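These are the residues of each chain, in order.
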Amino acid sequence: MIYPWFEFATILESFVHEVIDIDLSVLPNGAYVFNGVERRGASGKTCWYIPLSFHEAKLLGVERDDVGLKVIRYPVYNDIKDEHARLLQEFTIQKILFTNDMAPDVFKILLIRNGKPNSVSWLGQKIEYPTGSVFFAMLVANVNVHGILTGVKANSSGGLSGPKINSFRERCRQLRIDPYDLTIENLYEVKGRLGVLDVHKWRRTYGMRFVNVPKYLQIELNNTCNGRCGMCAIPHMTRPRGIMSDVLFEKILKEADSLDVEYLTPFLHGEPFMRQDFVEKLHKINEYAPKAKITIFTNASMLDEKKVAALCNVKNIDQIVFSFPGGNKHVYEDTTGLNFENSVLNIKRAFRVLKDFNLRISMPRSEQNRDSEKDFAVLWNGYPHSAYDTYNYLGDARGSLAPCCYEQCDRAFRTMTVLFDGRVCLCCMDAEGRFIMGDLSKESVIDVWNGKRFMKLREEHGCCRLACEPCRRCTQDLKTEEYNDAYHPSLV
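Source: prediction; values computed, not measured.

Visitor: Before we move on, could you go through the overall build of the chain and cite the residues and values that matter?
Guide: What the chain contains, in helices and strands, is 14 helices and 26 strands. Along the three orthogonal principal directions, the C-alpha set of the chain runs to about 85 × 50 × 45 Å. Sorting the 492 residues of the chain into buried and exposed places 52% on the buried side. Taking all contacts inside the chain whose residues are at least 6 apart in sequence as the whole, residues at least 24 apart take part in 69%. Only carbon and sulfur atoms are counted for the fraction: they give 52% of the accessible area of the chain, which is about 22800 Å².

Visitor: I'd love a proper account of the sheet that holds strand 2 (residues 24-26), names of residues and values included.
Guide: Here we have three strands laid out as an open sheet, ordered 2-3-4, and antiparallel in their pairing. Edge strands, defined here as strands with exactly one partner in the open sheet, are strand 2 and strand 4 (37-39). Pairs of neighbouring strands in the sheet enclose a mean axial angle of 20°, with direction left out of account.

Visitor: If you had to explain the packing of helix 8 (residues 329-336) against helix 9 (residues 340-353) to someone new, which residues and values would you point to?
Guide: In helix packing, the relevant descriptors are the interaxial angle and the interaxial distance, both defined with respect to the helix axes. One can describe the packing of helix 8 onto helix 9 by two numbers: an axis separation of 9 Å at closest approach and a directional angle of 100°. Between helix 8 and helix 9, the angle is such that the two are roughly perpendicular. Residues Lys-329, Tyr-332 and Glu-333 of helix 8 form the contact with helix 9, whose participating residues are Phe-340, Glu-341 and Ser-343. A per-class count over the contact of helix 8 with helix 9 returns two nonpolar, one polar and three charged.

Visitor: Explain the packing of aromatic side chains to me, using residue names and the numbers behind them.
Guide: Here the structure, examined in full by the defined rule, presents 18 aromatic pairs. Here Phe-322 and Phe-351 contribute two aromatic rings whose centre-to-centre distance is 6.1 Å and whose plane-to-plane angle is 50°, an arrangement assigned as tilted. Linking Phe-322 in strand 21 (residues 317-323) with Phe-351 in helix 9, this pair joins segments that are 29 residues apart in sequence. For the pair shown, Phe-322 and Phe-351 are each scored as buried.

Visitor: Outline the nonpolar core, supporting the account with residue identities and numerical values.
Guide: In this structure, Leu-311, Phe-322 and Met-416 are the most contacted members of the largest nonpolar core, which totals 77 residues. When near neighbours in sequence (up to four residues on either side) are disregarded, Met-416 contacts Pro-214, Tyr-216, Leu-217, Gln-218, Val-424, Leu-440, Val-445, Val-448, Trp-449 and Phe-454. If you look at the next biggest cluster of nonpolar residues, it comprises 68 residues, including Ile-11, Tyr-32, Leu-111 and Ile-112.

Visitor: Tell me about the packing of helix 5 (residues 246-258) against helix 6 (residues 278-288), and name the residues and values.
Guide: One can describe the packing of helix 5 onto helix 6 by two numbers: an axis separation of 9 Å at closest approach and a directional angle of 35°. For helix 5 against helix 6, the interelement crossing comes out right-handed. Contact residues: Asp-246, Phe-249, Glu-250, Leu-253, Lys-254 and Asp-257 in helix 5; Lys-281, Lys-284, Ile-285 and Tyr-288 in helix 6. Broken down by class, the residue content of the contact of helix 5 with helix 6 amounts to four nonpolar, no polar and six charged.

Visitor: Just give me the short version of the sheet that holds strand 6 (residues 47-51), but keep the residues and values in it.
Guide: The strand order 1-8-11-7-6-5 describes an open sheet built from six strands, whose pairing is mixed. The sheet is open, and its two edges are formed by strand 1 (19-22) and strand 5 (42-43), each paired on a single side. Relative to strand 8 (residues 106-114), strand 1 is paired through four bridges, and the arrangement is parallel. Counted as the bridge partner of Ile-22 is Asn-114 from strand 8. This element, helix 3 (residues 80-99), spans strand 7 (67-72), strand 8 and strand 11 (134-141) of the sheet and lies at about 150° to strand 8.

What counts and what doesn't
Residues numbered from 1 in each chain as written. Predicted model: local features only at pLDDT ≥ 70, side-chain atom pairs only at ≥ 80, totals over all residues. Heavy atoms only, no water. Helix = DSSP H or I, 4+ residues; strand = E, 2+ residues; numbered from the N terminus. Buried < 20%, exposed > 50% of the residue type's maximum accessible area, 1.4 Å probe, protein only. Contact = heavy atoms within 4.5 Å. Areas by Shrake-Rupley, 256 points an atom, 1.4 Å probe, with all protein chains shown as cover. Pairing = 2+ DSSP bridges. Axes fitted to C-alpha atoms, helices over the stretch in contact; angles between N-to-C directions. Parallel < 35°, antiparallel > 145°, perpendicular 65-115°, else oblique. Nonpolar A, V, L, I, M, F, W, Y, C, P; charged D, E, K, R; others polar. Phe/Tyr/Trp six-rings, centres within 6.5 Å; stacked < 30°, edge-to-face > 60°. Core = buried A, V, L, I, M, F, W, Y, C linked by side-chain atoms within 4.5 Å. Left-handed = near helix turned anticlockwise from the far one by under 90°.

On their own, these measurements won't tell you what the molecule is for.
Printed below as a string of structure tokens:
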């Protein structure tokens, strides 16, 4: 049998990817000759594992001395695009497991072309790998797997049992991962905890549901702000500044009402109270979309006594979030450029007056203000407050702390984000409006939501986050409803 991906030119016609040339010979004794050097590695069901030197790993883009090359010697799918999508999902799963100390790290996916022919017996048949055969490969961390697994039993059919196995499976379940084909050969133990070497054919335990109308609608009434927070994209924004027209705003609200959009957020990139008529716009929401719940985000610096009193007459306010990025006067003012005492006074007044409202104080934690988090907790003791790591706005924001995220994002499936001029951008992380999905000044909400661009986004993102550009570069961790619904601790 001839390996299906031996015609390199044919593959490039349907899929373009970085290609690395190697020389790999597989010896009958299980050893490898890789780039002229014989070495002992390992062999999985569908993979060859080859330990790399620091220099070899560096040439492949990873500067570590504990890296191995995992070559997918026989694909699950003959189509290279389908196989790449499958490997992206496996890469995602292994990354998630690694962050939970359940698997070795995995660094990147490569497409390699071998300059040597090979002939290997596998599952009772002989497979010929001609010169020029192309393989997918991953760079993975080598793990010391020597030693005996304790507390793990295998029955005659290969099934595993024991407290550690039960714990491992439960942790997978909490991560919404199906530990497919879990065998004793695929497990290792570090400090008394089990890990899995390979996640070949592992899957997520939930699927994405298609929603034919947006659940959340974010509307940018203005993209101006009186603050200059370093971790925010607004101070560095290069697109024009402006305000949404009344005609466009009312058009969007009427359509939102006809579609039963559940949540409206009249805020995106800017301080909403920069508009003197902001409370009037909230009444417009009550008038044109009376069923919609309203969320307000503000830095509270302009929330004077008159505006707080006016908010009492607005209906359907689901929550008001006060952004307060600093725990003391020095850090707050250095971060925002706003007056510390004034903002504190305005927030405390809001809590006194808006007693029946859902209010909370949030600290966007960044490199600039992270050391003041304890002061923040003391300052707002007795008030609902929390801190979170700032996102990177697709890499545009400075000082963000949120780590890389591999889970699918709910915004791709349930949120529409409208810029002040009517253009629909990717989401709130697309501050510059580089990824435009449509234009509500010319199109309807439903036509944009079900248009080709959104459909393509959901198809790619539904495969996995790493398959979707630019979502793969974003660090916002907003898990999907399907993810949250897939596991119910109360039922355990």
